[in-house]
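# Notes for the structure review
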Amino acid sequence: MEDKKKNLARQVAELIEVLPPMPENVSRLMETTIDSYNGQVRMLIANDPGLCTDLLHLACNFCFGTGRIINTIDDAIEQIGTGPLVHLIAISYANKTIRKELAVLEHLDEYFAHSRDISLCCRILAELCQIPAHEREMCAVTGLIHDIGRLIMIVASDKHSVRLVGTSWDKMKSVARDEKEIMGLNHCEVGMQLCRKWHFSKLMQDGILRHHTPFVKNDLNYLGGLIFVSHFISSSDFTGQIISTTLGQELLEAMNLTEKQFLEAQQIYESRIRKYI
């Protein structure tokens, strides 16, 4: 068993290593964002037609249904913020890489559909919790890539036809622990490693690492908590008792999230998801 764990860990490391790095233009954007120099970011985007197209396309998608009109780079930056947009561009590239490099996976489209659901729920929760607009978009962006580690582990273990989603609500809290026990690592750790290679922010790395264990010994990772709770928002009906016992009252209280907000988030999710069907 230990040999199998070590072999899987080696295969995961090798797979992460062979995945292409971020292209130079995106890497420069991300480095510039760290310095919060918006003028330089705008110049880099304005001088790269591919980046400009990606940015405007992604900004329009993220503003869909809000009434916001995105016609220029300045419109996109003003409405969403520089940091989230740069991460959106990076994740757009990451998704293209995933589709190309991991096309062997039978249920790859389910992964992207699940990721979009979690991203939407993260945005809704962030809105209800009155998180500032810039951070709100960062939450939604992180939701798009939170499960990338599952893909890496499935390919590394040669289980090409395993379904990527469908973790039952009563096992959400234990899945990462079970993966660790059986395989020696879990998809949260693997996802964090890949995000580190691709130079995503420490905030995103930590949120992905903790999205199954957001509240441990009174230590709360808020972004991980939003992703965790978002899995329940996009699921079927929950009674108040199930909400309290399954999600954990301590987690909800630590996040200042009420049962009323949870139920309201579900209603908003159902109304918005219909627009995409």
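Notes on the structure in this doc start here. (Residues numbered from 1 in each chain as written. Predicted model: local features only at pLDDT ≥ 70, side-chain atom pairs only at ≥ 80, totals over all residues. Heavy atoms only, no water.)

## As for the overall build of the chain
Of regular secondary structure, the chain possesses 15 helices and two strands. Within the chain, the fraction of its 277 residues that count as buried is 50%. Sequence separation of at least 24 residues holds for 70% of the intrachain contacts in the chain that already meet a minimum separation of 6. (Helix = DSSP H or I, 4+ residues; strand = E, 2+ residues; numbered from the N terminus. Buried < 20%, exposed > 50% of the residue type's maximum accessible area, 1.4 Å probe, protein only. Contact = heavy atoms within 4.5 Å.)

## A few points about helix H5 (residues 73-80)
Those residues of H5 that fall on the buried side of the exposure criterion are Ile73, Ala76, Ile77 and Ile80. The arc that holds every buried residue of H5, seen down its axis, measures 95°, which confines them to one face. Immediately downstream of H5, the backbone of Gly81 shows phi near 105°, a positive value. (Arc of directions from axis to C-beta.)

## A short note on the packing of aromatic side chains
Two aromatic rings are characterised by how far apart their centres lie and by the angle between their planes. Applying the stated criterion across every chain yields a total of three aromatic pairs. Ring geometry for Tyr111 versus Phe112: centroids 5.0 Å apart, planes at 75°, classification edge-to-face. Overall, Tyr111 belongs to the buried group, its relative accessible area being 1%. If you follow Arg99 out to its NZ or CZ, it ends over the ring of Phe112, 3.8 Å from the centre. (Phe/Tyr/Trp six-rings, centres within 6.5 Å; stacked < 30°, edge-to-face > 60°. Lys NZ or Arg CZ within 6 Å of the ring centre and 35° of its normal.)

## Quick notes on the side chain of His212
Mapped onto the elements, His212 comes out in the loop between helix H12 (202-209) and strand E1 (215-216). Polar side-chain contacts of His212 include one of 3.4 Å to the side chain of His187. (Polar contact = N/O pair within 3.5 Å; in protein donor to acceptor, adjacent residues only side chain to side chain.)

What is shown is where atoms sit, not what they do.
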